[in-house]
Every structure is written in C-alpha cells, then in structure tokens.
Amino acid sequence: MPLMQLRIAHLYAHFLNIYGDRGNIIALSQRASWRGIEVKVDAIDLNQKTDPDYYDLYFVGGGQDKQQIVIAEDLLKRADDLKSATDNGAVILSVCGGYQLLGHYYKPHEGPELKGISLIDAYTVAGNRRMIGNVTIKAADGSTLVGFENHSGKTYLGKGVPPLGTVVVGNGNNGEDKSEGAAVGTIYGTYLHGSLLPKNPLFADRLLTQALKRRYADVTLTALDDTLENQAHKRALILPA
Ligand code: GLN
C-alpha cells in the first residue's frame, strides 16, 4: 500500500510542450515513485473540466505564440478553479509561455493581447530580440537553478512580487532588472526550459513537498542519490550564456 499519492495535472500537454518541458513531469513522477509515492498524471486538454480540489500539482509548459493563442481562452475559463486550488495549497509550475499567461496579459509581436489569469501580478510584452541561451539564477535561499531560455517576451513583476531568483548568467524575465521567474507561495513561473527539474533536484523536491503537504500532514522526503543530477547541475553552471 503506497505511503502517499501525488496527483498531477499536465495542462495543455499537447500544445505547450516545447524544449523538453514535459521532462518536468517525468522528473516529478520519478522522484516521487523512487520514494514509494503513488503518482497519477492526467494530461488536461482544451475544454476538459477539472475538479479544483483534486490535483496537488499543476504543470503548464512553454509554447510558441500560436499555441498560446490556442489555449489562452481555455485557460481563462480555468482561472477561478486554479485560484481556488492554489489558495488551498496546490502547486503550479509554469514555464515560459505558460508562465506568461499566469500574469495579467501577454502582448505578442503580432495579433491581439492575450489576457492572462492574473495568478501572478506580472505582465509580458514581446521584445524586439529573442533571449536565447543558458541561464543560471540564484534563489532566495542561496541555491542556484540552471536551465535554458528562448523567449521574446519580457515579463515585468508587480511591486513586491518575489522572483524565483536573481540572474547570474542569461536574461531572465526581461534582460533588464535581473529578475527571473516568480515564486508566490505555491505558484511558480520561470523561463527556465531544459527541462528545469531534472538538473535542479532540490527545487523538484521543494515542489513535491509543497504539493504533498496539501493532503498529508507530515511530509518528509527520503534522500535520493542525486549524483547524476548534481553533476548535470554543476556542468550547466559553467556553461556560458
Ligand atoms: N511565445 C513566447 C515568447 O516568445 C513564449 C516562448 C516559450 O514558451 N519558449 O516569449
């Protein structure tokens, strides 16, 4: 009988999944399974209803402008459910295109402004250059996060919104204010593709712990042998932007 069960909703898995972002689902699932935690992953498609009290963790990946246009209207219909879920402790990890739509809006180069769900007090406007390359950031707890960015969108956080980290290498949210991503309670946004979590095991376990704490009182994850993950992290640290 498994100790615990982790319920993951992979939002728009068939639309927002560029640069290996589904690797985050694989990393979360594997790191939970290695600890004897039962994992249930549901790919949630357009117009597919979800129960806001059911999932422990939601993941939404990145995509080109055209994929964002396809899902933006559907995501708006989920705004209240996602707000209710995160108010009750569910975790959201959003990457790049998905992250942009968790803010107030994303204004692409062409076409109309895409209204976001305002889970994060931020907005994004397309810049005149693509920000592409390796990224290293330093999180508030002093740990580093590594990944790869590829976006033209420049995201600006509202006053007092904590970034996921401060840029050490690369551009981050906008290439101007050294902020990268956003971390608001259990709501996370980032531009780090790669995918993010396999090379950042501490952060993966932080998300797992928060997500499991939604339904289980005492959550202490047993240590894993992260030799390979830490080697990949260290290697990425020395990569140039
Ligand atoms: N289309 C958005 C941009 O270019 C997001 C890209 C992405 O998800 N990598 O900024």
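Residues numbered from 1 in each chain as written. Predicted model: local features only at pLDDT ≥ 70, side-chain atom pairs only at ≥ 80, totals over all residues. Heavy atoms only, no water.

Student: Describe the site of the ligand, with residues and values.
Tutor: Among the 17 residues in the neighbourhood of the ligand, the closest are listed as Gly63, Asp65, Gln68, Cys96 and Gly153. At 2.5 Å from a nitrogen atom of the ligand is found a side-chain nitrogen or oxygen belonging to Asp65. In this structure, Asn150 approaches the ligand through a main-chain N or O atom, which is 2.9 Å from a nitrogen atom. Relative to its free-state accessible area of 300 Å², the ligand is covered by the protein chains to the extent of 99%. (Near = heavy atom within 4 Å. Polar contact = N/O pair within 3.5 Å; in protein donor to acceptor, adjacent residues only side chain to side chain. Areas by Shrake-Rupley, 256 points an atom, 1.4 Å probe, with all protein chains shown as cover.)

Student: Explain the layout of surface pockets residue by residue, including any values.
Tutor: Its boundaries defined by the atoms lining it, the largest pocket holds a volume of some 190 Å³. Along the wall of the largest pocket there are 14 residues; nearest its centre are Ser143, Thr144, Leu145, Leu202 and Phe203. Elements with a minimum of two residues in the lining of the largest pocket: strand 8 (144-157), helix 5 (201-212) and helix 6 (227-237). In terms of residues, the lining of the largest pocket owes the most to one element, helix 5, which gives 4 residues. Among the residues forming the lining of the largest pocket, the class breakdown is 6 nonpolar, 5 polar and 3 charged. (1 Å grid on protein atoms, 1.4 Å probe; cavity = no way out; pocket = protein on both sides within 12 Å on 5 of 7 lines; lining within 4 Å. Points joined across faces, edges and corners; volume = space filled by probe spheres on them. Helix = DSSP H or I, 4+ residues; strand = E, 2+ residues; numbered from the N terminus. Nonpolar A, V, L, I, M, F, W, Y, C, P; charged D, E, K, R; others polar.)

Student: Can you lay out helix 1 (residues 23-33) for me, pointing to particular residues and giving the numbers?
Tutor: An α-helical segment advances 3.6 residues per turn. Residues three or four places apart therefore align on the same side. Counting buried positions along helix 1 gives 8 out of 11 residues, so the element sits mostly inside the fold. The complete set of buried residues in helix 1 reads Gly23, Asn24, Ile25, Ala27, Leu28, Ser29, Arg31 and Ala32. (Buried < 20%, exposed > 50% of the residue type's maximum accessible area, 1.4 Å probe, protein only.)

Student: Before we move on, can you summarise the environment of Asp225 with the specific residues and values?
Tutor: Take Asp225: it is sitting in the loop between helix 5 and helix 6. Given a relative accessible area of 62%, Asp225 falls into the exposed group. Through-space distance from the C-alpha of Asp225 to that of Asn171 is 31 Å; in sequence the pair is 54 residues apart. Of note is the side chain of Asp225, whose polar atom sits 2.4 Å from the side chain of Thr227.

Student: If you had to explain unusual backbone geometry to someone new, which residues and values would you point to?
Tutor: Residues other than glycine predominantly adopt negative phi, and peptide bonds predominantly adopt the trans conformation. Note the cis peptide between Gly194 and Ser195, where omega equals 5°. Tracing the backbone through its elements, the reader meets Ser195 in the loop between strand 12 (187-190) and helix 5. At Ser118, a residue that is not glycine, the phi angle is positive and equals roughly 55°. Within the fold, Ser118 resides in the loop between strand 6 (114-115) and strand 7 (122-139). Ser118 gets classed as partly exposed once you look at its relative accessible area, which sits at 35%. With a phi angle near 65°, Lys178 is a residue other than glycine that sits in the positive phi range. Here Lys178 is to be found in the loop between strand 9 (165-169) and strand 10 (179-180).

Student: An account of empty space enclosed by the protein is requested, with residue identities and associated values reported.
Tutor: Evaluated as defined, the whole model comprises 2 cavities of 30 Å³ or more. One number sums up the size of the largest cavity: a volume of about 110 Å³. Gly63, Asp65, Gln68, Arg130 and His151 are the residues nearest the centre of the largest cavity, which is lined by 15 residues in total. Those elements that place two or more of their residues in the lining of the largest cavity are helix 2 (65-77), helix 4 (97-100) and strand 8. Partitioning the lining of the largest cavity into residue classes produces 4 nonpolar, 9 polar and 2 charged. Together, Leu11, Thr50, Asp51, Pro52, Tyr58, Arg78, Asp81 and Leu82 line the second largest cavity.

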